[in-house]
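Below, each chain spelled out in residue letters.
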Amino acid sequence: MDISFSGWHPAIEKRRSRRHFDPKSPVAPEVVAALDKVCNQFAPFPHARSRLVTESVENVFKGIIGSYGRVKGAPAFIAFIGDMDDPFVQEKVGYTGEGIILEATALGLGTCWVAGFFRPEAVASLIGVSDRERVLAVTPVGYARQSESWEERSMSRFGRSHNRQPLSKLVRGLPREKWPDWVNVSLEAARLAPSAANRQPWGFDVQDDGITVFVRTGGPEFNVSKRLDCGIAMLHLEVAAIDSGCKGEWEFLSSPQVAKFKIRS
Ligand SMILES: Cc1cc2nc3c(=O)[nH]c(=O)nc-3n(C[C@H](O)[C@H](O)[C@H](O)COP(=O)(O)O)c2cc1C
């Protein structure tokens, strides 16, 4: 399946993490089927996959401190799974998973990447994973409660949610006045990507023939790879690039670089 750029680009601005779901708004079977289809079909890399699960959801999520950050009332979740023998597994899972998250957003559903506070063994027992695979993250899916609950608002403060660094702090390389239009639009989209605890670990090096994503920040990873966050930003970058008429390919690079989006000439 190709990137659904016209549906996913507007979803980038609309998406925000939602943790509490409305038990009075069940998801219609045709919407579940549409989401299941995209989980099976949007698999651009052989070593990253997604699975929709509609049972035992409450056993999968745990709170951060007591009940803070706890996911409540979700009718389903999606697991993001990677083959750990692949050196670029984190960015591939981030990229793939964010495609699914944006599709869910476009369908009007709420989501929240959860990489730290869930039970991978409970997920693995529901979906089956091979010896080489690990469940790197999950997201609840469902209709979010109309307004954010007090707990959700506290959670947003905890993660300093939704504030984003300006591009001036994230970008190096070609000066801004020399950027073609697609670069500005793509970097704006990448900047809005979600990241664990909103740490925004990415940086962008603008060159004549493309953009390199790199890990900008040092410090501990808290068990969630910064390359997973960078994979999410890569998907945003490419969605906006294609929507601006610019196609390209990713070349994966070793640390601290992540990957270069090379434009097709
Ligand atoms: C890889 C990743 C892991 C995350 N893990 C958790 C988590 O374990 N628990 C949680 O409540 N939120 C988690 N989040 C959600 C972030 O806190 C949230 O995306 C960030 O604060 C930005 O807010 P926004 O998504 O509303 O834009 C995670 C996000 C990402 C991208």
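Presented here is a report on the structure given in the accompanying data block. Since this is a predicted model, take the numbers as computed values, not measurements. (Residues numbered from 1 in each chain as written. Predicted model: local features only at pLDDT ≥ 70, side-chain atom pairs only at ≥ 80, totals over all residues. Heavy atoms only, no water.)

### Overview of the overall build of the protein
Short version of the rule: A run of H or I in DSSP becomes a helix once it reaches four residues, and a run of E becomes a strand once it reaches two; helices and strands are each numbered from the N terminus. Only protein chains enter the accessibility calculation, which uses a 1.4 Å probe; a residue is then buried when its area is under 20% of its type maximum, exposed when over 50%, and partly exposed in between. The contact criterion used throughout is that any non-hydrogen atoms of two residues lie within 4.5 Å. All accessible areas in this document rest on Shrake-Rupley with a 1.4 Å probe, and a residue is counted as covered only by the protein chains that are shown. The convention is simple: Lys and Arg are positive, Asp and Glu are negative, and His and the chain ends are not counted. Where a charge lies is defined by one atom per residue type, namely NZ (Lys), CZ (Arg), CG (Asp) and CD (Glu).
Each helix and strand in the protein was counted, giving seven helices and nine strands. If one aligns the C-alpha atoms of the protein with their principal axes, the spans along those axes are about 50 × 40 × 40 Å. Relative to its full complement of 265 residues, the protein shows a buried share of 52%. In the protein, of all internal contacts separated by at least 6 residues, the share reaching a separation of at least 24 is 74%. Carbon and sulfur atoms make up 49% of the accessible area of the protein, which totals about 12,300 Å². If the 34 positive side-chain charges of the protein are averaged to one point and the 31 negative ones to another, these points end up 6 Å apart.

### Points about unusual backbone geometry
Here S255 and P256 are connected by a cis peptide whose omega angle stands at 5°. Here P256 shows up in the loop between β8 (248–252) and β9 (257–263). The backbone phi angle of Q200 is positive, close to 45°, even though this residue is not glycine. Position of Q200 among the secondary structure elements: in the loop between α6 (181–191) and β6 (202–207). The exposure class of Q200 is buried, given its relative accessible area of 6%. Residues other than glycine seldom take positive phi values, yet N223 does so here, at roughly 70°.

### Describing the packing of helix α1 (residues 5–14) against helix α3 (residues 89–106)
The cut-off we apply is this: Axis definition: a line fit to C-alpha positions, over the contact stretch in the case of helices; interaxial angles, taken between N-to-C directions, run 0 to 180 degrees. Roughly parallel here means an angle under 35 degrees, roughly antiparallel means over 145, roughly perpendicular means 65 to 115, and every remaining angle is called oblique. Under the scheme applied here, ten amino acids are nonpolar (Ala, Val, Leu, Ile, Met, Phe, Trp, Tyr, Cys and Pro), four are charged (Asp, Glu, Lys and Arg), and all others, including Gly, are polar.
Contact geometry of α1 with α3 gives a least axis separation of 8 Å together with a crossing angle of 85°. Regarding the angle of α1 to α3, the classification is roughly perpendicular. Contacts from G7, W8, A11, I12 and K14 of α1 reach α3 at G99, L102, E103, T105 and A106. The class makeup of the residues in the contact of α1 with α3 is five nonpolar, three polar and two charged.

### Quick word on the pattern of salt bridges
Using the following cut-off: For salt bridges, the criterion is a side-chain nitrogen of Lys or Arg within 4 Å of an Asp or Glu carboxyl oxygen.
Within the structure shown, the criterion is met by eleven salt bridges. Two residues, D83 and R132, come together in a salt bridge whose shortest N-O distance is 3.0 Å. Of this pair, D83 sits in strand β2 (residues 76–83) while R132 sits in the loop between α4 (120–127) and β4 (133–142); the two residues are 49 residues apart in sequence, bridging distant segments of the chain. In this structure, R132 and D85 form a salt bridge, with 3.7 Å as the shortest nitrogen-oxygen distance. You can see R132 sitting in the loop between α4 and β4 and its partner D85 sitting in the loop between β2 and α3, a full 47 residues away along the chain. According to the relative accessible area criterion, R132 is partly exposed, its value standing at 46%. We classify D85 as exposed; its relative accessible area is 59%. Salt bridges sharing partners connect three or more residues here, namely D83, D85 and R132.

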